[in-house]
2 protein chains.
Amino acid sequence: MDNDTRHVYFTFFNEIGIIAQLSRAAMEARLPKGLTLPHFSVINHLIRVRDGQTPLTLARAFQVPKTTMTHTLSGLLEHGLVEMRPNPKDGRSKTVWLTDAGRTFRAAAIQSSDPDIDALQAAFPKQKVEQMLPLLAEIRSFMDAYRDP
Amino acid sequence: MDNDTRHVYFTFFNEIGIIAQLSRAAMEARLPKGLTLPHFSVINHLIRVRDGQTPLTLARAFQVPKTTMTHTLSGLLEHGLVEMRPNPKDGRSKTVWLTDAGRTFRAAAIQSSDPDIDALQAAFPKQKVEQMLPLLAEIRSFMDAYRDP
DNA sequence: TGATTTTAGTTCGATTTCGCACTATTTAGT
DNA sequence: ACTAAATAGTGCGAAATCGAACTAAAATCA
């Protein structure tokens, strides 16, 4: 493989990694003490996608190991942002449900990020960012399918 | 702020975060035991940008805390991939220099990723990815400047 | 139907990440 | 020139992340 090709893809992932680092730091600076981006992301996911998901589907959605998700969920439990119930479809499994505190937390977190989103939008208008989304989603989906089982 | 706007930017960062997670896992699966993406990234940076940088500039480049970079560098030292020398311009500081082993490691790591890059390129041709780079670099640069000191 | 294989979530321990605090050095202000 | 403030890198401890191993339940196979 030629070095120019490698450079393009390595640069892409390098930028992605740094933006991920920066956005995580920015988001976490706005969250209440003890709550991190993974906490927010799970709550947001339960609202946007579907409440009552299993730990495994959540771990898969975020591409983290099961144990990482177990840890994240236990943090959410401690803060009373979710509750866990048995999974009626699978005796080994549980389902994760939002509490009112969870919904309130998410609304506050999003609102607290408004200044950051405002600043970002001033420099990168919504349409510009939005036009990247399909390709990013495709890349993410491709890599998700590509990874080892 | 309207929810549609929020959704665009939150979705963008969500995709970024997951792609970062996936690419990190893929890369680390190819690296020798004990070496992680941050190790590779520092070596790659020293080659692509400039050898002999200070821990602080490296931490800034990757948007990680100084202590994280200290830890990463100590791993590189242990593996003999870099060496540290005093910084002639600043008595508090050091400079990080590649060893031959470091250069060899980087070349091997890049080559070992070729199958992954091949697969990715088949689905997302180089030009398509390359056209995203300027905007990603701008977003990264903007967020870098925007963050608290 | 029973045996075998696979799997969901957790425990455990190791590693990585990160904030706080520190020392020695540098920079900025008077 | 001297003092005060800021800073580079590190030690320390806590939290987050992650792989290995495990148990109980589900899925698959004969």
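This one's a predicted model, so the numbers in the text were calculated from it and none came from an experiment. One numbering rule holds for all chains: residues counted from 1, following each sequence as written. Chain A is the first chain written and ligand 1 is the first ligand written, with later ones labelled in order. Reporting in this predicted model follows two pLDDT cut-offs: at least 70 for local features of residues, and 80 or more for side-chain atom pairs to be given and counted; totals over whole chains, interfaces and linings ignore these cut-offs and use all residues. Computation of side-chain values: all heavy atoms of the structure, hydrogens and water removed.

Draft legend 1. View of unusual backbone geometry. Residues and elements named next belong to chain A. Although it is not a glycine, glutamine 63 sits at a positive phi angle of roughly 60°. Relative to the helices and strands, glutamine 63 resides in the loop between α3 (55–62) and α4 (66–78). Between buried and exposed lies partly exposed: a residue is buried under 20% and exposed over 50% of the maximum accessible area for its type, with that area taken using a 1.4 Å probe on protein chains only. Taking the relative accessible area as the measure of exposure, glutamine 63 reaches 8% and is therefore buried. Put simply, DSSP marks the helices as runs of H or I at least four residues long and the strands as runs of E at least two long, and each gets a number from the N terminus on.

Draft legend 2. Quick peek at the protein's contact with DNA strand C. When we say a residue is near a molecule or strand, we mean one of its heavy atoms is within 4 Å of it. Taken together, 21 residues lie around DNA strand C, and Pro55, Leu56, Thr67 and Ser93 of chain A together with Gly91 of chain B are the ones closest in. Any N or O atom pair separated by 3.5 Å or less is treated as a polar contact, with the protein-specific requirement of one donor-capable and one acceptor-capable atom, and with residues adjacent in sequence counted only for side-chain atom pairs. Between DNA strand C and threonine 67 of chain B, the relevant distance is 3.3 Å, taken from a base nitrogen to a side-chain nitrogen or oxygen of the residue. Threonine 68 of chain B has a polar side-chain atom sitting 3.2 Å from a phosphate oxygen of DNA strand C. Mapped onto the surface near DNA strand C, the elements with two or more residues apiece are α3 and α4 of chain A together with α4 (66–78) of chain B. Its residues assigned to classes, the surface near DNA strand C comprises four nonpolar, ten polar and seven charged. Each residue gets one of three labels, nonpolar for Ala, Val, Leu, Ile, Met, Phe, Trp, Tyr, Cys and Pro, charged for Asp, Glu, Lys and Arg, and polar for the others, Gly among them.

Draft legend 3. View of the packing of aromatic side chains. Aromatic contacts are taken between Phe, Tyr and Trp rings whose centres are within 6.5 Å, Trp giving its six-membered ring; a plane angle under 30 degrees counts as stacked, one over 60 as edge-to-face, and the others as tilted. As enumerated under the stated definition, the model contains ten aromatic pairs over all chains in all. Look at phenylalanine 40 of chain A and phenylalanine 10 of chain B: their rings are 5.6 Å apart centre to centre, the planes differ by 40°, and that puts the pair in the tilted class. Remark: phenylalanine 10 of chain B occurs in helix α1 (residues 3–30) and phenylalanine 40 of chain A occurs in helix α2 (residues 37–48); the pair is interchain, linking two chains. Assessed through its relative accessible area of 3%, phenylalanine 40 of chain A is described here as buried. With a centroid separation of 6.0 Å and 10° between ring planes, the pair formed by phenylalanine 142 of chain B and tyrosine 146 of chain B is classed as stacked.

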